[in-house]
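An overview of the molecular structure
The primary structure of each chain is shown beneath.
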Amino acid sequence: MGKSIFFNYGKISRESKQEVNENTIYEIGSVTKFLTANLIVQANNEGKLKIDDFIDNYLPKEYVLSKEIKDKLKISDLASHQSGLPDLDIKKQMELNPKQPLNISKETIYSLINENTKLIDYGNYRYSNINFILMGIILEKVYGKDFKTILKEKILVPVKMENTLTTSFDVKNKVTGYDFKGVQQDFFDWNSLVAPAGLVKSNASDLTKFLKTLLSNKGEISKATTLAENTFYKNTQREIGLGLQMERTENDVYFYKTGNTMACASILAYDKKSNWGIVILLNHNDSGLIADFININYDEVLKKKSLSN
């Protein structure tokens, strides 16, 4: 993957004349989970933890697991959405804070975990933000640093992702986002507790650098991705690794992660065998459109591949 091609369309907002480009900032939403899972596997490779360890000993003392779920949940269960833990009640959070529903307190997370006595669907896939919030807490404990610092030191600086933003994202070249009805929406504020589940902001240029690193088969980030690509859950509908999903054809497989916020939609996808990667960023919450884009682009990649053989 030596060549990068950027296609940009539209303005940063309905009111602006400024065109978007590969450096324009978007919310990447749950594509952040891909980064968090990579950090978890890097920690595994460094001997800071083992992905098959139970989570009990990696949580701060404020978290006291009930006897019903002690010594049952593994870190890999979190990263593959199989924990069975209750997730954040986003509907309730929207009622409390419609503009910033992810401004959630530590006390909310404490009660969610400590008062839980049942893993209602342990071992089955159920998409979850709380899993990645806990993974962020685990990372902070094993490294003794906050999530933002860990992300910067282990991914952003090595890949030179200089315009991938965390706590501060007040920049000029940033889109205005719109929800699925076309109503303007604010970007989510940074909340260090919730951040590992989906609060990073980035652009096509930086995410392309990240993809090139994955495909290079060099360095700790690429090495971590190799382990994350193993199958940890599979049924007739989906196949899940650590922080990513995979789509198989007869002779190939590509890996991907999507993201949706109130304001934006995104996808990051790559195929090591065919040596390609795709990043799609929209300033519109529309997961269906993202799915259409990736399907069309994947078909085009296969078509060009078959013509070249």
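In this text the structure is predicted, and so the values were computed from the model without any measurement.

1. Examining the confidence of the model for the chain
Detailed reading of the predicted model is not advised wherever pLDDT is low. For the chain, the mean per-residue pLDDT works out to 93, and 95% of the residues sit at or above 70. Predicted confidence for residues 305-309 stays below pLDDT 50, and this span has two contacts to residues more than four positions away or in other chains.

2. Description of the pattern of salt bridges
A full pass over the atoms with the stated rule returns nine salt bridges. Among the salt bridges present, the one from Lys61 reaches Glu62, with a minimum N-O distance of 3.7 Å. Residue classification places Glu62 among the partly exposed positions, given a relative accessible area of 33%. Here Glu68 and Lys67 are joined by a salt bridge, their closest N and O atoms 3.4 Å apart. Take Glu68: its relative accessible area is 39%, and that puts it in the partly exposed class.

3. Side note on the environment of Phe34
As for its placement among the helices and strands, Phe34 is situated in helix H1 (residues 31-45). Measuring from C-alpha to C-alpha, the distance between Phe34 and Leu242 comes to 7.8 Å, with 208 residues separating the pair along the chain. Setting aside residues no more than four positions away along its own chain, Phe34 makes contact with Phe210, Leu214, Thr225, Gly243, Leu244, Lys257, Leu268 and Tyr270.

4. Comments concerning the sheet that holds strand E10 (residues 276-282)
With antiparallel pairing, six strands are arranged side by side in an open sheet as E5-E6-E7-E8-E9-E10. A strand with exactly one partner marks an edge of an open sheet, and here the two such strands are strand E5 (233-234) and E10. Judged from the four bridges that link them, strand E7 (residues 245-248) and strand E8 (residues 253-260) form a sheet pairing that is antiparallel. Looking at E8, one finds that Met246 is bridged to Phe255.

5. Looking at the nonpolar core
Counting 83 residues, the largest nonpolar core has Ile138, Ile155 and Phe210 as the members making the most contacts within it. It is helix H5 (residues 130-143) that provides the largest number of residues to this core, a total of 10 residues. By size, the runner-up hydrophobic cluster in this structure holds 11 residues, among which are Tyr254, Ala265, Trp276 and Leu282.

Criteria and cut-off values
- Residues numbered from 1 in each chain as written.
- Predicted model: local features only at pLDDT ≥ 70, side-chain atom pairs only at ≥ 80, totals over all residues.
- Heavy atoms only, no water.
- pLDDT = per-residue confidence, 0-100.
- Contact = heavy atoms within 4.5 Å.
- Salt bridge = Lys/Arg side-chain N within 4 Å of Asp/Glu carboxyl O.
- Buried < 20%, exposed > 50% of the residue type's maximum accessible area, 1.4 Å probe, protein only.
- Helix = DSSP H or I, 4+ residues; strand = E, 2+ residues; numbered from the N terminus.
- Pairing = 2+ DSSP bridges.
- Core = buried A, V, L, I, M, F, W, Y, C linked by side-chain atoms within 4.5 Å.

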